[in-house]
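# Coordinate inspection notes
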Amino acid sequence: MKVLSAGTTVIMAECTSLQFVSPFAFEAMQKVDVVRLASLSDPELRLLLPCLVRMALCAPADQSQSWAQDKKLILRLLSGVEAVNSIVALLSVDFHALEQDASKEQQLRHKLGGGSGESILVSQLQHGLTLEFEHSDSPRRLRLVLSELLAIMNKVSESSGEFFFKSSELFESPVYLEEAADVLCILQAVCRGLIKNGERQDEESLGGRRRTDALRFLCKMNPSQSLKVRGMVVEECHLPGLGVALTLDHTKNEASEDGVSDLVCFVSGLLLGTNAKVRTWFGTFIRNGQQRKRETSSSVLWQMRRQLLLELMGILPTVRSTRIVEEADVEMEPNVSVYSGLKEEHVVKASALLRLYCALMGIAGLKPTEEEAEQLLQLMTSRPPATPAGVRFVSLSFCMLLAFSTLVSTPEQEQLMVVWLSWMIKEEAYFESTSGVSASFGEMLLLVAMYFHSNQLSAIIDLVCSTLGMKIVIKPSSLSRMKTIFTQEIFTEQVVTAHAVRVPVTSNLSANITGFLPIHCIYQLLRSRSFTKHKVSIKDWIYRQLCETSTPLHPQLLPLIDVYINSILTPASKSNPEATNQPVTEQEILSIFQGVIGGDNIRLNQRFSITAQLLVLYYILSYEEALLANTKTLAAMQRKPKSYSSSLMDQIPIKFLIRQAQGLQQELGGLHSALLRLLATNYPHLCIVDDWICEEEITGTDALLRRMLLTNNAKNHSPKQLQEAFSAVPVSHTQVMQILEHLTLLSASELIPYAEVLTSNMNQLLNSGVPRRILQTVNKLWMVLNTVMPRRLWVMTVNALQPSIKFVRQQKYTQNDLMIDPLIVLRCDQRVHRCPPLMDITLHMLNGYLLASKAYLSAHLKETAEQDRPSQNNTIGLVGQTDGPEVTREELKNALLAAQDSAAVQILLEICLPTEEEKAKGVNPDSLLRNVQSVITTSASNKGMEEGEDNLLCNLREVQCLICCLLHQMYIADPNIAKLVHFQGYPCELLPLTVAGIPSMHICLDFIPELIAQPELEKQIFAIQLLSHLCIQYALPKSLSVARLAVNVMGTLLTVLTQAKRYAFFMPTLPSLVSFCRAFPPLYEDIMSLLIQIGQVCASDVATQTRDIDPIITRLQQIKEKPSGWSGICKDPSYKNGSGDTGSMDPDVQLCHCIESTIIEIINMSVSGI
């Protein structure tokens, strides 16, 4: 027997006849059940004597009358036993002195070493230890045993915990075994120390096995503590055999047949838990146990495997025929199978056993015996009932066959597996309909078959590991036989594709439905191009599945659409370019959006979910993008897949759907971002930043407050009533104003039915006398509608704002017309140009159609890239220049777009000019800048301020501001537009407006030097005038350098220009020099020198009129030398009006007078400090 005390290890007499405390006796002692104790036999009672004597002699904490009676009964029970006297004597020693001597002895042995013969507890022995023990009294016996134990403990500490043999004369003598045991019981041992100091692998050594046996006997004595001890074993990762042994003992005691046994749960938890350290520790136990040749019934591993095998055999069908069932036999009785199935109450246990064996073989490396392999195969190929647990069992069995194909070793077993797989295929539909589980094992069969056909063995391994719920090593080579069975006997590729199309789609497919679904199978078949190879149409199945979707979005839907689009456009092989799938028809697409397109009541008319509509929208946009991206490849194959018509795209409410998707981003996963990417690429006019900002305002807190103010009156107004109110506008504005105000409380989707009435009556709002509030409300409603139906709204608005000409039928423009020629938007009624609310709408549409035109032309260029390529290449006839025509087409497209944008800018700038009527009323084109300056200037009169305020509040001023905002956006988006417009030029009267009203005009400083260098005199004049205004607005170092360049250029031109050109150039540019001096005083000297030089040149050209010119030249010299004396000369009316000489028609004379006025203005400005 092996006895352990506080972690020490000794070897006692090997005595197989020793008796141990039974659980019955231990429980009776623990509960002090006197009746049960009295029923014990003398040998059983002898084992409990030390505890019972201590109980009877020690002062109890319980002072109740009942314990006093029990104590009397215990004393009566002990009175007849002779050994009680010796135990009483052992308990009567001075334990305090004994403890002190034991501590001193420990210190002494630690200093001198374990081999020292000195002892404090006992003096030097005269005889052997056994004789001394026999002749000694009780106190000395305690000291002898304690001294021997301390010697052994010191030896253990020196051996670093390794197991060793120690011969002990006292403990090996059977004669004194009972007395020694009594002493040990009084000294007390603990279990945790035994476990903590135990071996990591207890089956590997004699010491480990002895330690395991001792603890196992202790737990048998008190079974209630066995699970706690087992928990300590796992916590310390020591003695794995003890943990299994305790579990086996507990399993036998619980005797549960139907439920999952504690052994299965315990071992599964060790191998499939999250603690990698525990998993490695127990896996090592399994591997080491298999390597030992001694695999007898005494081995804990053998006992565990035997118990698991018994449990497995206990749930196998009792009646099972091993013969192969012929198809004819099955067809005779379709509802009765000669294979008896698993009982429903055994299915869960069978699944747990399968997972456990997978973990033992895959993680711990267990090699099954022939008997285990046979029984496992019998269990895996059994047929469970059609329940969710049955579906799970079949999936686990199938994956276990794939993971451990070595279980199938004989032809009979292989045929059994084939029959079972055939049964799976046949019963899959019945299981799915009966169990109510959407993700059935039929989809897994299809998926594995497709992986085998496409040789994606790694995907099969991932699928197996995912289903089993564990990461195990599966060699691809082990799947070769299964691959042959699947691809040649059960699932040929043609059978797979034909079967896949007949699989019903998953109803309400969403991410909440987990497992392997039909969509996974279809996806893999599309990737491998099986449908096109075998000419099986999959379009209808995909369309039905897209219609049967809901949120949250299933992650496989977007990859399915992408691979489906690829199978439509790209043939399966070059040899067969027609081997492609069919696209979804336009009629099917329109049916998806039925109810949304109608616009009467979106929520009531929708037949399909928003998820289905968004997925179809994603399909259309991705299809069109892929079609354009593969244009060259398709042209090389001489294929031209059909593109969806523009009329179809016009009927799909793209912006409305995108807005709906924005509120469902969490449920839609990556669909919303994918749609935004496609939209920005193909429909940039639907991604205008202003629209997104406006949409945030419409859908924010203000919208919630408006909904709270919504009354029944607002809901009751119909489009017909709105039309009647518009008809009464010439007479009364009250009714239409009231209805429009109520409509502002409605949401964007609720406003859709009013869109046509609202736009068709815009022309009436251009008549005089219409209140500004009505116009602003219409603008507000239009902007709200623009968030849900922009393209349709734009077309209706453009057609409604056409100029009404008598006897001329108005043309109805389409979306395509407006994308080809965006300038149609500006061919509206001229009254719109002076109606700011409607002009705001017009500019919004113009910006959108300019962006749409760019996308349209880019797409058109890609679509027609290969149409005329062969003929053009032949005309060039040069090697290496095959890309020449395409580059030319790209340049032509860019030139067309630049001309289109610049034309739009020029028209808008022209609108900023006052009309003849406005000029007659005294409106100046540069009123914006001058009036702003007059308001700011403190010296301005009150009258000037009033005039400025009047002009600032006019419609022209507001339209100018709107146009400047749009031009600023266009210049920022593409600075080349600003360069092109200014190289073209525009009326100089607009320069104060454009420089002050367009913040991005500073970019002109980059190309003004290039503009000044142009040979045309008009462009040079325009550049200097533009620069003069920019210097005032942006007094920057860069402006100074460009201004200095301009002054130098003017000086150079003075020497090369003829008299006529000199007059034409300097007359409009001399006032710009004043602005240069105002912005940059350091240029004063250079500019004054230039002016004197110009005057001298002019004077030299009129030698015949020297007497008239000399006084002017003299004055110019005096002004330059003494400017302070001429500072107030500009106040003289004669100089302001140009003295009598200015009446001369001679250009040089006029230029001289202009020079004089310029110099005086510069001097006056510098002196007054302005």
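Residues numbered from 1 in each chain as written. Predicted model: local features only at pLDDT ≥ 70, side-chain atom pairs only at ≥ 80, totals over all residues. Heavy atoms only, no water.

## Quick word on the overall build of the protein chain
When you go through the protein chain residue by residue, the secondary structure sums to 65 helices and two strands. For the protein chain, the share of sequence-separated contacts (at least 6 apart) that also reach a separation of at least 24 residues comes to 73%. Surface accessibility of the protein chain: about 55100 Å² in total, with carbon and sulfur atoms responsible for 54%. (Helix = DSSP H or I, 4+ residues; strand = E, 2+ residues; numbered from the N terminus. Contact = heavy atoms within 4.5 Å. Areas by Shrake-Rupley, 256 points an atom, 1.4 Å probe, with all protein chains shown as cover.)

## What about the packing of aromatic side chains?
Here the structure, examined in full by the defined rule, presents 12 aromatic pairs. Look at Tyr619 and Tyr623: their rings are 6.0 Å apart centre to centre, the planes differ by 35°, and that puts the pair in the tilted class. Of this pair, Tyr619 and Tyr623 are both found in helix H33 (residues 610-629), four residues apart, which corresponds to roughly one turn of the helix. We note that Tyr619, like Tyr623, is buried. With 5.2 Å between their ring centres and 70° between their planes, Trp794 and Tyr849 make a pair best called edge-to-face. Residue Trp794 is located in helix H47 (residues 790-800), and its partner Tyr849 is located in helix H49 (residues 836-863); the two are separated by 55 residues in the primary sequence. The buried category is assigned to Trp794, whose relative accessible area is 0%. (Phe/Tyr/Trp six-rings, centres within 6.5 Å; stacked < 30°, edge-to-face > 60°. Buried < 20%, exposed > 50% of the residue type's maximum accessible area, 1.4 Å probe, protein only.)

## Section: the nonpolar core
Tyr619 and Phe1076 are the most contacted members of the largest nonpolar core, which has 299 residues in total. Excluding its chain neighbours within four sequence positions, the residues that come into contact with Phe1076 are Ile1024, Leu1027, Ser1028, Cys1031, Ala1043, Ala1046, Val1047, Leu1083 and Ile1087. Core analysis: the second largest hydrophobic core is formed by 21 residues, Phe26, Leu37, Leu40 and Ile87 among them. (Core = buried A, V, L, I, M, F, W, Y, C linked by side-chain atoms within 4.5 Å.)

## Comments concerning the packing of helix H23 (residues 441-453) against helix H27 (residues 518-527)
Their axes nearest at 8 Å, the elements H23 and H27 cross at an angle of 15°. Between H23 and H27, the angle falls in the class roughly parallel. The way H23 lies across H27 gives a crossing that is left-handed. Across the interface between the two elements, Glu443, Leu446, Leu447, Met450 and Tyr451 from H23 touch Pro518, His520, Cys521, Gln524 and Leu525 from H27. Looking at the contact of H23 with H27, its residues break down into seven nonpolar, two polar and one charged. (Axes fitted to C-alpha atoms, helices over the stretch in contact; angles between N-to-C directions. Parallel < 35°, antiparallel > 145°, perpendicular 65-115°, else oblique. Left-handed = near helix turned anticlockwise from the far one by under 90°. Nonpolar A, V, L, I, M, F, W, Y, C, P; charged D, E, K, R; others polar.)

## A closer look at helix H38 (residues 671-682)
An α-helical turn contains 3.6 residues, so any two residues separated by three or four positions project in the same direction. The first and last C-alpha atoms of H38 sit 16 Å apart over 12 residues, in line with the 16 Å expected at 1.5 Å per residue. Within H38, the full set of buried residues consists of Leu671, His672, Ala674, Leu675, Leu678, Leu679 and Asn682. Buried residues of H38, seen end-on, are gathered within an arc of 160° and therefore sit on one face of the element. On its buried side, H38 packs onto helix H30 (557-569), H33, helix H36 (654-662), helix H37 (665-668) and H49. (Expected span 1.5 Å × (residues − 1). Arc of directions from axis to C-beta.)

## Side note on the environment of Gln375
Note on placement: Gln375 falls in helix H20 (residues 370-380). Look at Gln375 and you get buried, because its relative accessible area is 16%. Spatially, the C-alpha atoms of Gln375 and Met313 are 6.9 Å apart, while their sequence positions differ by 62 residues. In contact with Gln375, not counting residues within four places along its chain, are Leu309, Leu312, Met313 and Leu316.

## Brief notes about helix H3 (residues 42-57)
A bend of about 60° at Leu48 is the largest found in H3, and the proline Pro50 appears one to four places after it. Buried within H3 we find Leu45, Arg46, Leu48, Leu49, Pro50, Leu52, Val53 and Ala56. (Bend = angle between axes of the 7 residues up to and from the residue.)

## Some thoughts on unusual backbone geometry
Glycine aside, residues mostly have negative phi, and peptide bonds are mostly found in the trans state. Look at the link from Thr551 to Pro552: it is a cis peptide, with omega at -5°. For Pro552, the position within the fold is in the loop between helix H29 (539-547) and H30. The phi dihedral of Cys237 is positive, around 55°, even though this residue is not glycine. Note that Cys237 resides in the loop between helix H13 (226-236) and helix H14 (240-254). Residues other than glycine seldom take positive phi values, yet Leu239 does so here, at roughly 55°. With respect to the element layout, Leu239 can be found in the loop between H13 and H14.

## A short note on the environment of Leu967
Along the polypeptide, Leu967 turns up in helix H55 (residues 955-973). Accessibility expressed as a relative area gives 1% for Leu967, which makes it buried. The sequence separation of Leu967 and Ile998 amounts to 31 residues, and the corresponding C-alpha distance is 7.0 Å.

## Observations concerning the pattern of salt bridges
Two side chains of opposite charge can pair, provided their charged atoms sit close to one another. Evaluation of the coordinates by the stated rule reveals 16 salt bridges. The salt bridge involving Arg831 is made with Asp829; its shortest N-O contact spans 2.9 Å. Arg831 sits in the partly exposed class, given a relative accessible area of 33%. The class for Asp829 is buried, based on a relative accessible area of 8%. One salt-bridge network, held together by shared partners, links Lys539, Asp540 and Glu588. (Salt bridge = Lys/Arg side-chain N within 4 Å of Asp/Glu carboxyl O.)

## Points about the side chain of Arg305
Secondary-structure assignment places Arg305 in helix H17 (residues 300-315). A polar contact is formed between the side chain of Arg305 and the side chain of Glu372, at a distance of 2.7 Å. Apart from the residues within four sequence positions on either side, Arg305 is in contact with Gln290, Tyr357, Leu366, Lys367, Pro368, Thr369 and Glu372. (Polar contact = N/O pair within 3.5 Å; in protein donor to acceptor, adjacent residues only side chain to side chain.)

## Some words on the confidence of the model for the protein chain
Fine structural detail should not be taken from predicted coordinates in areas where pLDDT scores are low. Across the protein chain, pLDDT averages 77, with 75% of residues at or above 70. Every residue in residues 319-339 is under pLDDT 50, and counting partners more than four places away or in other chains gives 24 contacts. Note that residues 870-884 has pLDDT below 50 and, in this model, seven contacts with residues that lie over four places away or in other chains. (pLDDT = per-residue confidence, 0-100.)

## Observations regarding the side chain of Arg889
Structurally, Arg889 can be placed in helix H51 (residues 884-912). Assessed through its relative accessible area of 18%, Arg889 is described here as buried. A polar contact is formed between the side chain of Arg889 and the backbone oxygen of Leu861, at a distance of 3.4 Å.

## Looking at the environment of Ile1163
Summarising the element assignment, Ile1163 is placed in helix H65 (residues 1147-1168). Owing to a relative accessible area of 0%, Ile1163 belongs among the buried residues under this scheme. Placed 75 residues apart in sequence, Ile1163 and Met1088 show a C-alpha to C-alpha distance of 9.7 Å.

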